[in-house]
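So you can see what is in the structure, the chains are spelled out below.
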Amino acid sequence: MSELLLLNGPNLGILGRREPDIYGSETLADIEQAVAEEVAEFGWKVVARQHDCEGEMVRTVQDSYHVVGAILNPGALMMAGWSLRDALANFPRPWIEVHLSNVWAREQFRHQSILGSLADGVIFGLGAQGYRLAARGLAHRTGAATP
Ligand code: DQA
């Protein structure tokens with residue numbers, strides 16, 4: 001069975017009780033379930049990982065070259081995760097960067113992603129729905145879904 005990597009970075013393991021006015025009330029388990037439902041029709045299994053440490057994010061990327069694609073919310077590593085960027089530069093599969101919040105409407109220090117230029121697509125500000133849309137986008141990108 002083909003696998004889709006769903007990788008979330010620092011502070012995303014506490015979704016649901018993390019600033020819900022910004023990040024919503026859905027938990028990471030809810031999001032993982034939603035993505036699994038979204039890709040079931042393509043015969044894909046979701047491998048969900050969440051790490052608070054950059055090194056663990058790097059290791060997961062290195063260990064996931066076999067997946068069909070990846071959805072990544074790097075959290076604050078979008079701004080400073082240079083070793084994660086190096087790992088993603090060598091990642092051989094399509095991947096989409098997702099952010100729950102619209103970072104452009106927030107503090108200035110969130111206005112840059114050092115990872116986005118490597119991604120196949122980037123989604124900001126659509127809340128948990130962004131993950132579902134990323135899953136569908138990957139299905140189209142890989143040819144699993146027909147146009
Ligand atoms: C986030 C946005 C980042 O700026 C922040 O550091 C996060 C969450 C989002 O999903 O909106 O941890 O990636």
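For the structure, see preceding data.
First things first, this report covers the structure right here in the doc. Each residue is numbered by its place in its chain's sequence as written, counting from 1. In keeping with the model being predicted, local features are shown solely for residues with a pLDDT of at least 70 and side-chain atom pairs are shown and tallied solely at 80 or more, while totals for entire chains, interfaces and linings include all residues. Note that the side-chain values use all heavy atoms of the structure and ignore hydrogens as well as water.

**So, the site of the ligand**
- Taken together, R18, Y23, N73, G75, A76, H99, L100, S101, V103 and R110 make up the full set of residues adjacent to the ligand.
- One of the side-chain nitrogen or oxygen atoms of R18 is found 3.0 Å away from an oxygen atom of the ligand.
- N or O atoms within 3.5 Å of each other form a polar contact, as long as, within protein, one can give a hydrogen and the other can take it, and as long as residues adjacent in sequence are counted only when both atoms are side-chain atoms. Taking R110, its side chain carries an N or O atom lying 2.9 Å from an oxygen atom of the ligand.
- Accessibility throughout is a Shrake-Rupley quantity obtained with a 1.4 Å probe, and a residue counts as covered only by protein chains that appear here. In the complex, the protein chains occlude 98% of the 330 Å² of accessible area that the ligand would expose alone. Near is defined per residue: the residue qualifies when any heavy atom it owns lies within 4 Å of the molecule or strand.

**Concerning the packing of helix α2 (residues 28-39) against helix α6 (residues 129-142)**
- Packing of α2 against α6 leaves a shortest axis separation of 9 Å and a crossing angle of 30°. What the angle tells us is that α2 and α6 run roughly parallel. The handedness of the crossing between α2 and α6 comes out as right-handed. Residues I31, A34, V35, E37, E38 and V39 of α2 form the contact with α6, whose own contacting residues are Y131, R132, A135 and R136.
- Under the scheme applied here, ten amino acids are nonpolar (Ala, Val, Leu, Ile, Met, Phe, Trp, Tyr, Cys and Pro), four are charged (Asp, Glu, Lys and Arg), and all others, including Gly, are polar. Split by residue class, the contact of α2 with α6 holds 6 nonpolar, no polar and 4 charged. Helix axes use the C-alpha atoms of the stretch in contact, all axes being lines fitted to C-alpha atoms, and the angles between their N-to-C directions lie in the range 0 to 180 degrees. Helix and strand assignments come from DSSP, with helices taken as H or I runs of at least 4 residues and strands as E runs of at least 2, each series counted from the N terminus. Oblique is the label for any angle not covered by the other classes, which are roughly parallel (under 35 degrees), roughly antiparallel (over 145) and roughly perpendicular (65 to 115). Helix crossings are classified by the rotation of the near helix relative to the far one: an anticlockwise turn of less than a right angle makes the crossing left-handed, while a clockwise turn makes it right-handed. Here, two residues are considered to be in contact whenever any of their heavy atoms come within 4.5 Å of each other.

**So, the pattern of salt bridges**
- Salt bridges are identified by distance alone: a Lys or Arg side-chain nitrogen within 4 Å of an Asp or Glu carboxyl oxygen. Across all of its chains, the model carries 8 salt bridges by this definition.
- Where R136 meets E41, a salt bridge forms, and the shortest distance between an N and an O atom there is 2.7 Å. In this pair, R136 is assigned in helix α6 and E41 in the loop between α2 and β2 (44-50), connecting sequence segments 95 residues apart.
- Partly exposed residues are those whose accessible area sits between 20% and 50% of the maximum for their type, while under 20% is buried and over 50% is exposed, using a 1.4 Å probe and protein chains only. Judged by relative accessible area, which is 28%, R136 ranks as partly exposed.
- In this structure E41 comes out as exposed when scored by relative accessible area, which is 58%.
- Overlapping salt bridges, with partners in common, bring together E37, E38, E41, R132 and R136 in one network.

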